[in-house]
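The lines below spell out each chain.
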Amino acid sequence: MSLIKQLTADFFHLLFPECCNACGTRLFYGEKCICIRCLYDLPYTDFHLYPDHPAAKLFWGRLPCQEVMALLYFKKGTKAQNLIHQLKYKGQIDVGFMLGLMIGEKLLSNPSYQKADLIIPVPLHRKKENSRGYNQSKSIADGIAKILQLPVVTGLLIRQTDTFTQTKKSRYSRFENMQSVFKLSKSHILKNQHVLLIDDVITTGATLEACGKILLDSGLNKLSIAAAAYAE
Ligand SMILES: [Zn+2]
């Protein structure tokens, strides 16, 4: 960074100090998005260290996954919830990228993830992405891609409907309903590939299951999942 750029950055930092997206305190110079204290304090799952963790079990019998990983436990009133809130509703795309970098660093210890061919973020419906201005899962995917050196592919998996109703329907009806939410624009590209599918939070797993089934139907070799958080 040139001296002028550095001085300008310092000046803006003084005028408009950034705050930690997890705890709200003012960031020190050199900190970005999340303060160092929160980086140590966040509720990490360490799911990447053992295969039969709760997020993996969620997909047992539903979706054949090579690997499943979520970085943080998502609980109400926690720093993890603050981060996801800032990412989804406050325009803090950098939070997604940072969480993606952190996920990528954890995945480096798992050779299976490094053998993935491409990354696909769970898509938003076009209208929702336009009103939000970005897809939060794409920003997480970009961070992971930077560490794992993999391409991020968008526009292939498409969300056709914005919302779907789940109430008063049988489990199969809900599943059918979810299946119609997504479609693939081209499928031949995915043949024999190992796709890493990215979402912000794993809750019921219904969205990832629907996306994953469509991807697997197109002749994938393997499907793995990574998310910023897992809701217990
Ligand atoms: Zn903090």
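Okay, so let's go over this structure. (Residues numbered from 1 in each chain as written. Predicted model: local features only at pLDDT ≥ 70, side-chain atom pairs only at ≥ 80, totals over all residues. Heavy atoms only, no water.)

**With respect to the coordination of the zinc ion**
Around a metal, the idealised angle for a tetrahedral arrangement of four donor atoms is 109.5 degrees; for an octahedral arrangement of six donor atoms it is 90 or 180 degrees.
Thinking step 1. The protein atoms donating to the zinc ion are C20 (SG), C23 (SG), C35 (SG) and C38 (SG), with metal-donor distances spanning 2.3 Å.
Thinking step 2. Here the zinc ion is ringed by 4 donor atoms whose angles at the metal span 103 to 115°, and the overall shape comes out tetrahedral.
Thinking step 3. For the zinc ion, the single-chain donor residues occur in sequence as C-x2-C-x11-C-x2-C. Here the residue C23 occupies a position in the loop between α1 (3-15) and α2 (36-41), and C35 occupies one in the loop between α1 and α2, the gap between them amounting to 12 residues. (Donors = N, O, S within 2.8 Å, 3.2 Å for Na, K, Ca; no water. Tetrahedral: all angles 85-135°; square planar, octahedral: opposite > 155°, others 65-115°. Helix = DSSP H or I, 4+ residues; strand = E, 2+ residues; numbered from the N terminus.)

**Some thoughts on helix α5 (residues 93-107)**
Thinking step 1. The terminal C-alpha atoms of α5 lie 21 Å apart, and with 15 residues this matches the ideal 21 Å at 1.5 Å per residue to within 8%.
Thinking step 2. What α5 keeps buried is the set V95, G96, M98, L99, G100, M102, I103, G104 and L107. (Expected span 1.5 Å × (residues − 1). Buried < 20%, exposed > 50% of the residue type's maximum accessible area, 1.4 Å probe, protein only.)

**Side note on the nonpolar core**
Thinking step 1. Formed by 38 residues in total, the largest nonpolar core has its most connected members in I34, L99, L107, I144 and L196.
Thinking step 2. Elements with a contribution of two residues or more to this core: β1 (68-74), α4 (79-89), α5, α8 (136-148), β5 (194-202) and β6 (222-231).
Thinking step 3. When residues of this core are sorted by domain, at least three fall in each of domain 1 (1-41) and domain 2 (43-231).
Thinking step 4. Excluding its chain neighbours within four sequence positions, the residues that come into contact with I144 are G100, L101, I103, G104, L107, I119, L196, I198 and A226.
Thinking step 5. Counting residues in each nonpolar core, the second largest holds 31 residues, with L118, V122, F182 and I214 among its members. (Core = buried A, V, L, I, M, F, W, Y, C linked by side-chain atoms within 4.5 Å. Domains from an automatic or database assignment. Contact = heavy atoms within 4.5 Å.)

**Looking at the layout of surface pockets**
Thinking step 1. Approximately 300 Å³ is the volume found for the second largest pocket.
Thinking step 2. Put simply, the parts of the chain that give the lining of the second largest pocket at least two residues each are β2 (118-121), α7 (126-132) and β3 (157-159).
Thinking step 3. Its residues assigned to classes, the lining of the second largest pocket shows 8 nonpolar, 6 polar and 4 charged. (1 Å grid on protein atoms, 1.4 Å probe; cavity = no way out; pocket = protein on both sides within 12 Å on 5 of 7 lines; lining within 4 Å. Points joined across faces, edges and corners; volume = space filled by probe spheres on them. Nonpolar A, V, L, I, M, F, W, Y, C, P; charged D, E, K, R; others polar.)

**A closer look at the environment of T204**
Thinking step 1. Locating T204 in the fold gives a position in the loop between β5 and α10 (206-217).
Thinking step 2. Counting along the chain gives 149 residues from T204 to A55, while the straight-line C-alpha distance between them is 9.7 Å.
Thinking step 3. Here A206 takes part through its backbone nitrogen, which lies 3.1 Å from a polar atom of the side chain of T204. (Polar contact = N/O pair within 3.5 Å; in protein donor to acceptor, adjacent residues only side chain to side chain.)

**A few points about the packing of α5 against α8**
Thinking step 1. The N-to-C vectors of α5 and α8 enclose an angle of 40°; their axes lie 6 Å apart at closest approach. Here α5 lies oblique to α8, going by the angle between them. Pair α5 / α8 crosses with right-handed handedness. On α8, the residues that touch I93, G96, F97, G100, L101, I103, G104, E105 and L107 of α5 are S139, I140, D142, G143, I144, K146, I147 and L148.
Thinking step 2. Broken down by class, the residue content of the contact of α5 with α8 amounts to 9 nonpolar, 5 polar and 3 charged. (Axes fitted to C-alpha atoms, helices over the stretch in contact; angles between N-to-C directions. Parallel < 35°, antiparallel > 145°, perpendicular 65-115°, else oblique. Left-handed = near helix turned anticlockwise from the far one by under 90°.)

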